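# Residue-level structure breakdown
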Amino acid sequence: MNNNQKVLIAIISGSVVVLVAAIILLLKLGVIDFSGSNKDETSKTTTSQAADKTKNSGKTEDADGKDTSSDSGSNAATVDTGKKTVDVENVVASTSSDEVVIPIYATKNPGFIAARLFITFDTNAFSFADCEGGDICESMAGEFSNGKLTVVAQTDGDPESLKCVSGAGVIGKIILKPKKDAKPGEYTINISEDSEFANLGDKLIPKGDIKVEAGKVILK
């Protein structure tokens, strides 16, 4: 498994929410084991032997002898939104609205392939309903737990490929439902600075390199 895949897996598998596409990817890479058994010292030894076997062969093999040289992220598609900036707009809705769709904007983005966002909002006024993709991420899913929404997003919904998207734009959208006792007013959507992003390198993108914002929700 190359570093690019490790970074992607670290983000996606670390979340309570895992996209269907991510599950397929992790199964393909042999990271998820539904048998309930963890990899023991024997499997580690087998992996080590496979590494020794291919050290000077010019190709990479896993513990089962499968050639994984083609798994490199070097062939991943690189895409730019064509925007350096994007306007962060407030969302205006009624207290009686069935749902409120809130775009999550990347206002500074050197390029990433996957993200895990930690989002909080006024739970007295809204409940979490759903997520959907945007300009940057094709796949997006979330789970609300302990007062916080955790969203996992991938730029490419196809588990067989990687796509690094740079530039400003809408990462995706969260959908909230106003509660019956929601009052008119302005509500802030907070996106934690601890949110994580992965690119095609061997590390998570440093905090501050990507800036993510959401407009206020104005209920009338």
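Just above, that's the structure.
Structural notes, computed from the coordinates. (Residues numbered from 1 in each chain as written. Predicted model: local features only at pLDDT ≥ 70, side-chain atom pairs only at ≥ 80, totals over all residues. Heavy atoms only, no water.)

## A short note on the overall build of the protein chain
- In terms of helices and strands, the protein chain carries three helices and 14 strands.
- When burial is assessed residue by residue, the protein chain has 40% of its 220 residues classed as buried.
- In the protein chain, of all internal contacts separated by at least 6 residues, the share reaching a separation of at least 24 is 76%.
- Carbon and sulfur atoms make up 46% of the accessible area of the protein chain, which amounts to about 12,000 Å² in all. (Helix = DSSP H or I, 4+ residues; strand = E, 2+ residues; numbered from the N terminus. Buried < 20%, exposed > 50% of the residue type's maximum accessible area, 1.4 Å probe, protein only. Contact = heavy atoms within 4.5 Å. Areas by Shrake-Rupley, 256 points an atom, 1.4 Å probe, with all protein chains shown as cover.)

## What to know about the sheet that holds strand 10 (residues 185-187)
- Pairing within the open sheet is mixed, and its three strands lie in the order 2-14-10. Strands with a single pairing partner mark the edges of an open sheet, and in this sheet they are strand 2 (91-93) and strand 10. Taking each pair of neighbouring strands and ignoring which way they run, the sheet shows an average axis angle of 20°.
- Two strands pair when backbone bridges link them, and strand 10 and strand 14 (residues 217-219) are joined in this way by three bridges, in the antiparallel orientation. For Gly185, the partnering residue across the bridge sits in strand 14 and is Leu219. (Pairing = 2+ DSSP bridges. Axes fitted to C-alpha atoms, helices over the stretch in contact; angles between N-to-C directions.)

## Points about the sheet that holds strand 13 (residues 211-213)
- Reading across from one edge, 5-9-3-13 is the order of the four strands in this open sheet, with antiparallel pairing throughout. Looking along the sheet, the strands with just one partner apiece sit at the ends: strand 5 (126-133) and strand 13. Between one strand axis and the next, the sheet turns through 25° on average, direction left out of account.
- One ladder, built from seven bridges, connects strand 5 with strand 9 (residues 169-178); its direction is antiparallel. For Gly133, the partnering residue across the bridge sits in strand 9 and is Gly172.

## A look at the environment of Val88
- Inspection of the secondary structure puts Val88 in the loop between strand 1 (77-80) and strand 2.
- The exposure class assigned to Val88 is partly exposed, which follows from its relative accessible area of 32%.
- Sequence-wise, Val88 and Thr107 are 19 residues apart; in three dimensions their C-alpha atoms are separated by 8.1 Å.

## A look at the pattern of salt bridges
- As enumerated under the stated definition, the model contains six salt bridges in all.
- The closest approach of N and O atoms between Glu196 and Arg116, which form a salt bridge, is 2.7 Å. With a gap of 80 residues between them, Glu196 in strand 12 (residues 196-198) and Arg116 in strand 4 (residues 114-120) connect regions that are remote in the sequence.
- For Glu196, a relative accessible area of 21% puts it in the partly exposed group.
- Judged by its relative accessible area of 14%, Arg116 falls in the buried class.
- When the shortest N-O distance is used, the salt bridge between Glu186 and Lys216 registers 3.5 Å. (Salt bridge = Lys/Arg side-chain N within 4 Å of Asp/Glu carboxyl O.)

## A closer look at the pairing of strand 7 (residues 148-154)
- Most of strand 7 sits inside the fold, with six of its seven residues counted as buried.
- Bridge count between strand 4 and strand 7: six bridges; the pairing is antiparallel. What sits directly across from Leu117, in strand 7, is Val151.
- The loop that links strand 6 (residues 139-145) with its antiparallel partner strand 7 comprises two residues; one of these, Asn146, has a positive phi angle of about 55°.

## Re the layout of surface pockets
- Approximately 320 Å³ is the volume found for the second largest pocket.
- Lining the second largest pocket are 15 residues, with Ser192, Glu193, Ser195, Gly208 and Ile210 positioned closest to its centre.
- Of all the secondary-structure elements, those providing two or more residues to the lining of the second largest pocket are strand 12 and strand 13.
- Grouping the constituent residues of the lining of the second largest pocket by class yields seven nonpolar, three polar and five charged. (1 Å grid on protein atoms, 1.4 Å probe; cavity = no way out; pocket = protein on both sides within 12 Å on 5 of 7 lines; lining within 4 Å. Points joined across faces, edges and corners; volume = space filled by probe spheres on them. Nonpolar A, V, L, I, M, F, W, Y, C, P; charged D, E, K, R; others polar.)

## A look at the packing of aromatic side chains
- If you walk through the whole model with that rule in mind, you get three aromatic pairs.
- Relative to Phe144, the ring of Phe121 lies with its centre 5.5 Å away and its plane at 35°, an arrangement referred to as tilted. Taken together, the residues span a long stretch of sequence, with Phe121 in the loop between strand 4 and strand 5 and Phe144 in strand 6 at a distance of 23 residues.
- For Phe144, a relative accessible area of 34% translates into the label partly exposed.
- When the ring centre of Phe118 is taken as origin, the NZ or CZ atom of Lys148, which lies over that ring, is 4.8 Å away. (Phe/Tyr/Trp six-rings, centres within 6.5 Å; stacked < 30°, edge-to-face > 60°. Lys NZ or Arg CZ within 6 Å of the ring centre and 35° of its normal.)

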